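Structural overview
The lines below spell out each chain.
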Amino acid sequence: MAAGVRGEERRAEILRAALEVIAERGYRSASLGAIAERVGLTQQGLLHYFPSKAALLVAVLEERDQWDAVPDTQWRIDLLGSLVEYNAMRPGIIQTFSALLGESVTEDHPARDFFTRRYATVRENMTAVLRAEYGDHLPGGLTPERAAPLMTAVMDGLQYQWLLSPEVVDMPQAFRDFLSLLGGDGEARPGGDAEARPGRRG
């Protein structure tokens, strides 16, 4: 038991170091050697805990999701805007996420299962957020289920554009603009109000 606890503590230490190195150097320059050195291991010793750089980066992404997690009943559309603003403050982590996301569409990539499961969960969460905000239909007529993949695509697509041209793309503002389009009246409406403004069926 003690050895298992020590192993988990060591893994957590490696993940913290990986996050630090990625934030400092970016995704491609965050070598296993640099991460291992930060925790007093050889690169071979680090591979005892994570068999490859891809496996370590997937674990970093899972850790990131734990930071971002809130109870399902507490997700609101305004919190999504806050999350986008927070992401704009940590380009190293977003770079890692986006790079692995792009690679994960290939067969047998170690991050493929992670992203497949993650997107299924995210679409469910987005559906719940949109239903709480707008009811069974958005002002434009789409159901929350149909709008959820679009919301998800906008959030991740903006990250790519922002990473490529941060001086041009204001990611938080662009997401606020998208929310205003969803609201149909120039503003995302707090607390719902679907009864007052019913949408037509899509």
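You'll find the structure just up there.
Residues numbered from 1 in each chain as written. Predicted model: local features only at pLDDT ≥ 70, side-chain atom pairs only at ≥ 80, totals over all residues. Heavy atoms only, no water.

**Digging into the environment of Leu41**
Structurally, the position occupied by Leu41 is in the loop between α2 (32–38) and α3 (43–47). Sequence spacing of Leu41 and Ile14 is 27 residues, and the spatial spacing of their C-alpha atoms is 9.5 Å. Once you skip the residues sitting within four places of it in the chain, Leu41 turns out to touch Arg10, Ile14, Ala36, Leu46 and Tyr49. (Helix = DSSP H or I, 4+ residues; strand = E, 2+ residues; numbered from the N terminus. Contact = heavy atoms within 4.5 Å.)

**Quick word on the pattern of salt bridges**
Using the criterion set out here, one finds 7 salt bridges in the structure. Of the charged contacts in the structure, one is a salt bridge between Arg38 and Glu24, with a shortest N-O distance of 2.9 Å. Remark: Glu24 occurs in helix α1 (residues 2–25) and Arg38 occurs in helix α2; sequence separation between them is 14 residues. A residue is classified by how much of its surface remains accessible, and Glu24, at 52% relative accessible area, is exposed. One salt bridge connects Glu85 with Arg176, and the closest N-O pair in it is separated by 3.0 Å. Highlighted residues: Glu85 in helix α5 (residues 77–87) and Arg176 in helix α9 (residues 171–183), separated in sequence by 91 residues. Residue Glu85 is classed as partly exposed on the basis of its relative accessible area of 38%. In this structure Arg176 comes out as partly exposed when scored by relative accessible area, which is 36%. Shared partners join several salt bridges into a network, and the residues in it are Glu20, Glu24 and Arg38. (Salt bridge = Lys/Arg side-chain N within 4 Å of Asp/Glu carboxyl O. Buried < 20%, exposed > 50% of the residue type's maximum accessible area, 1.4 Å probe, protein only.)

**So, the packing of aromatic side chains**
Tallying each qualifying case throughout the model produces 3 aromatic pairs. Relative to Phe115, the ring of Phe97 has its centre 5.4 Å away and its plane inclined at 75 degrees; by these criteria the two rings are edge-to-face. Of the two residues, Phe97 sits in helix α6 (residues 91–103) while Phe115 sits in helix α7 (residues 112–134), which places them 18 residues apart along the sequence. In this structure Phe97 comes out as buried when scored by relative accessible area, which is 1%. Considering the side-chain rings of Phe175 and Phe178, the 6.4 Å spacing of their centres and the 35 degrees angle between planes classify their relative orientation as tilted. Of this pair, Phe175 and Phe178 both sit in helix α9, 3 residues apart, which is roughly one turn of that helix. (Phe/Tyr/Trp six-rings, centres within 6.5 Å; stacked < 30°, edge-to-face > 60°.)

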